[in-house]
Every structure is written in C-alpha cells, then in structure tokens.
Amino acid sequence: MKPFGILGVGQAGGNIAEAASALGFPTALINTNQRDGIVNTRVENKYFVPGYNGAGQDRSIGARAVHDHYREIVEFVEKSFKKVKFLFVAFSTDGGTGSGMSPLLIEILLNQLPKLKVGAIAVVPERNVLAGNRINAAECLEELSKIEGISSTFLVDNDQLRRTNPQSSKQQIYRASNQKVVEAINHVLQITLKSSLYGNFDETDLMNILSTRGVTVISTSTVTDAKTTAEVSLKIQQSWANSIFCPVESAGVIRAGLIYEGPENVSKLINIPSIFERVGEPLELFEGTYISETDPSITTILAGLSFPTRRLQVMEEMLNKNRDRLHELVQKEYTQKYESKIGWASNLKARNNYKPTRTVNQKPTKSNS
Ligand SMILES: Nc1nc2c(ncn2[C@@H]2O[C@H](COP(=O)(O)OP(=O)(O)OP(=O)(O)O)[C@@H](O)[C@H]2O)c(=O)[nH]1
Ligand SMILES: [Mg+2]
C-alpha cells in the first residue's frame, strides 16, 4: 500500500486521481457536480457536495461548498485515506470547484487532521485561456501560497506540454500531464523501495523533501550521451526548464533529492556544485545511487522554491493590458439595451393606444380593482 494518497477536487482533480488509481495510489474525489465525477470510474471513493450542480467557474461557490459541508468532507477524507501519511490535493486553479474549494479545504485538513501531511498538485492553465480563468488562477495561487502548514506544492503547467505539442487537442494535453505528474511522484516513491550498496534514498528522505513548504519540481533526465561533468549538469538544468511543471526560475532550493540510476562510470560525472550553480546549493541534499546496466538517468527533486513570478505574470499581464476593456464589458452587462429605429411605426398598428403606465423597474402598486 502506497503511503501517498491523491484527493482530486473538481474535474481536473478527478482526472489526476483517476491516473493515480491506475498506478495503485489510494485515491478519492470530491466534486460539486456528480456528472463530472462519475466518469472517473477507477476512483473508488467519491463525495458529491449535496445541493450543488457544478460551480460554473465561480470560485465563491466552491468555497461555500467547503464552508457548509466541511465536517462531512473531513470525515470522508479520513475514511478514504486511513493508511496514508501524505495526502496530495489535486485540482485546477482556473475553474470554480477545484480552485474555490481546495485552498480552504487544505487549511481545514491541516487543522483537523494534524497527523496527516498535506501537499497540493495545482494545475496552472495554458497561456490562451480567457480572462475569467486567469482571475480564478491568480486568486487561487495566491491563497495557496499563503497556507502555513502546507507541504510541497506541485504546479502542473499545461503550457509546458502545449509548447512541445502545439497541434495536440486539449484532451491530449490534459491526459499527458495528468499521467506525467503521477508517474513522477510514483517514480520517486518506487526508488525508496530499491536497495543499493552505494547509498539509499529512502522513504524518510523523500518525506523530508516533500514536507518542505513551497513549490516542488521533480524531473528526470537521461544522460546517455553526456561525456563531461558540465554536460551532465546542463542536462539536469534543462530538465528543470522542460518538465511538466512551471519552469524553475529563481534560486533558493531548500531541500533536494538527487538519484542516479545507471552504470558506474557515468556516475563519476555528477558534480553537485556545478548542478546547483544556478539555483543555489540546498540546505539539505538527499542522494541515492543505484548502479545498473540501464541507460544512465538522473532524477532530481527540488523543494522549497518560490512561486514562479515570471510565469504567473505572463498570465496576469493580459488582464492588466485589457483592464479598461474588461471593465467596460462588465459595465455593459447592466447598461446595454437595444433602441429600435422604427418607433414611429408603432402608431400604424395602435388601435387602442394602450401605453404601459409604469416602467419595468418600478414596483407594482397594489390595486383595489
Ligand atoms: N492538466 C489538466 N488540466 C485540466 C484537466 N481538466 C481540466 N483542466 C484544466 O482545468 C480548467 C478547467 O477546470 P475544471 O477542473 O474543469 O473545473 P472544476 O474544478 O470542475 O470547476 P467547475 O467546472 O467550474 O465547477 C481548464 O481550463 C484546464 O486548465 C485535466 O484533466 N488535466
Ligand atoms: Mg467542472
């Protein structure tokens, strides 16, 4: 039984939980809309918030659902994840249900289930989503970044797969990123089950890294063709820019893991100072070396990173640029009306000459007749 559980909230969350079920993780999902959650057939435990029918991209509806039903939700989580040490809450930041429910839910879980470590798998939308989605994402990420007792936050960046697969459908991008994020977590967990003569990376090491508050990135690079220390370091650094997570953009890794799998001769090319040159050496590094005749690969886990300001500003910039137009759109909703140019023609048909005596926004007065 894996010690990590995945709780999906909203549609994207449910899909990530579904992918995790396939790899043998304990999973559950929560939704405000039964029809969304029902399609995730591999997820065993499901809670549909009673009295709701989706959140329609309105975060406040998601937040209210948690607020009004948190006791049942905590009970559901406890029952679904009895043997789990570490729970990841998975959701997209730009809808209503997952984005609105998850930050509040994580705070409540940390408070009510103090023995459980809680982290997040939060999906950052593609670059071309509309204003409403961007507003949701920015609000959700801000709330998430302020949660005090939270462990690792994984920021799955839908833009990353879009960059390399510009022709793919949305569904292909979603499926691939869901699959890759659960595979990345599964891979580091599997390593803790292996034993090595030369240095084990065990479950306590992994827990130590993943308990770190802040943004976490996991990436694996194959270093088959690398001949020098510099080449190996470069490959690893490139994997931090090209993973499915928001690219690493600033220094300040707090805890890290570095796992080597492959032949002994290539392992000599690993040079810690050179690998961490750009992001700064972490406070603690947990290493694992597993010698085998497979293609050499290096998996790194960087934890404690700051939220990626530059990536998130790309998302916010469009809102700032369109500020006036967006204000106008909202105004227009309440002020727009159609003026007919043939008002004069009404007289042609008027036999009784009836004209309503009150305008529509006046309250009707009681009449005695
Ligand atoms: N990576 C990934 N992203 C997804 C997936 N499904 C949806 N998304 C992202 O999530 C956004 C939509 O959010 P949903 O998860 O459908 O929203 P929800 O939480 O169900 O909220 P409401 O539908 O508004 O009640 C999209 O714009 C995408 O950014 C998925 O399976 N994987
Ligand atoms: Mg939905």
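So, how was this worked out
Residues numbered from 1 in each chain as written. Chains lettered and ligands numbered in written order. Predicted model: local features only at pLDDT ≥ 70, side-chain atom pairs only at ≥ 80, totals over all residues. Heavy atoms only, no water. Helix = DSSP H or I, 4+ residues; strand = E, 2+ residues; numbered from the N terminus. Contact = heavy atoms within 4.5 Å. Salt bridge = Lys/Arg side-chain N within 4 Å of Asp/Glu carboxyl O. Buried < 20%, exposed > 50% of the residue type's maximum accessible area, 1.4 Å probe, protein only. Phe/Tyr/Trp six-rings, centres within 6.5 Å; stacked < 30°, edge-to-face > 60°. Lys NZ or Arg CZ within 6 Å of the ring centre and 35° of its normal. Near = heavy atom within 4 Å. Polar contact = N/O pair within 3.5 Å; in protein donor to acceptor, adjacent residues only side chain to side chain. Areas by Shrake-Rupley, 256 points an atom, 1.4 Å probe, with all protein chains shown as cover. Core = buried A, V, L, I, M, F, W, Y, C linked by side-chain atoms within 4.5 Å. Disulfide = S-S within 2.5 Å. Patch = residues over 30% accessible without salt bridge, like charges linked within 9 Å, V, L, I, M, F, W, Y side chains within 5 Å. Pairing = 2+ DSSP bridges. Axes fitted to C-alpha atoms, helices over the stretch in contact; angles between N-to-C directions. UniProt positions renumbered as here; feature names shortened; annotations may be inferred.

Okay, the side chain of Asp94 next. Along the chain, the position of Asp94 falls in the loop between strand S4 (86-92) and helix H4 (97-112). Not counting chain neighbours up to four residues away, the residues in contact with Asp94 comprise Ser99, Pro125, Val129, Asn133, Asn136 and Ala137.

Below, the discussion takes up the pattern of salt bridges. Counted according to the given criterion, the structure contains 10 salt bridges. Here Arg162 and Glu126 are joined by a salt bridge, their closest N and O atoms 2.8 Å apart. Pair noted here: Arg162 is in helix H6 (residues 158-164) and Glu126 is in the loop between strand S5 (117-124) and helix H5 (131-145), with a separation of 36 residues, a long-range link. With respect to class, Arg162 is no different from Glu126; both count as buried. Put simply, Lys194 and Glu261 hold a salt bridge, and the shortest N to O gap is 2.9 Å. Pair noted here: Lys194 is in the loop between helix H7 (170-191) and helix H8 (203-210) and Glu261 is in strand S8 (residues 255-262), with a separation of 67 residues, a long-range link. Look at Lys194 and you get partly exposed, because its relative accessible area is 37%.

To continue, consider the packing of aromatic side chains. Inspection of the entire model under this criterion finds 7 aromatic pairs. With a centroid separation of 5.7 Å and 35° between ring planes, the pair formed by Tyr47 and Phe76 is classed as tilted. Of this pair, Tyr47 sits in strand S3 (residues 45-48) while Phe76 sits in helix H3 (residues 59-80), and the two are 29 residues apart along the sequence. For the pair shown, Tyr47 and Phe76 are each scored as buried. Three or more aromatic residues link up through ring pairs in this structure, and these residues are Phe4, Phe86, Phe88, Phe154 and Phe245. Cation over ring: Lys2 sits above Phe25, and NZ or CZ is 5.1 Å from the ring centre.

As a further point, take the site of ligand 1. In the vicinity of ligand 1 there are 20 residues, among which Gln57, Asp94, Thr97, Gly98 and Asn178 approach most closely. With respect to ligand 1, the side chain of Asn15 contributes an N or O atom lying 2.9 Å from an oxygen atom. Between ligand 1 and Asn158, the relevant distance is 3.0 Å, taken from a nitrogen atom to a side-chain nitrogen or oxygen of the residue. Coverage of ligand 1 by the protein chains reaches 87% of its 640 Å² of free accessible surface. When residues of the shell around ligand 1 are traced back to their parent elements, those giving at least two are helix H1 (10-22), H4 and H7.

Let's shift gears to the nonpolar core. In terms of nonpolar packing, the biggest core is built from 101 residues, with Phe4, Leu7, Ile106, Leu109 and Ile121 touching the most fellow members. With 8 residues, the top contributor of residues to this core is H7. When residues no more than four places from it in sequence are discounted, the contact partners of Leu7 are Ala28, Leu29, Ile30, Phe76, Val77, Phe81, Leu87, Phe88, Val89, Ala90, Leu105 and Leu109.

What follows concerns the state of the cysteines. Counted by the stated rule, this structure contains 0 disulfides. Not engaged in a disulfide, the cysteine Cys140 finds its nearest cysteine sulfur in Cys246; these two sulfurs lie 12 Å apart. Given a relative accessible area of 5%, Cys246 falls into the buried group.

To continue, consider a nonpolar patch on the surface. A surface patch of nonpolar side chains, amounting to about 340 Å² of accessible area, comprises Leu197, Tyr198 and Ile291. Relative to the elements of secondary structure, Ile291 occurs in strand S9 (residues 284-291). Ile291 sits in the partly exposed class, given a relative accessible area of 30%.

This paragraph deals with the sheet that holds S8. With mixed pairing, 10 strands are arranged side by side in an open sheet as S3-S2-S1-S4-S5-S6-S7-S10-S8-S9. Looking at strand neighbours, the two that pair on one side only are S3 and S9, the edges of this open sheet. Here the strands of the sheet are splayed against their neighbours by 20° on average, with no regard to which way each runs. Pairing of S4 with S5, which is carried by 7 bridges, proceeds in the parallel orientation. Its bridge partner being in S5, Leu87 is matched across the sheet by Val118. Relative to strand S7 (residues 214-222), H7 is tilted by about 85°, and along the sheet it contacts strand S1 (4-9), S5, strand S6 (152-157), S7, S8, S9 and strand S10 (297-305). Seen against the sheet, helix H9 (residues 229-241) touches S7 and S10 and runs at an angle of roughly 130° to S7.

Here the UniProt feature "domain: Tubulin/FtsZ GTPase" (unreviewed entry) sits at residues 3-196. Taken as a whole, residues 3-196 contains 52% helix and 19% strand, while its terminal C-alpha atoms sit 21 Å from one another.

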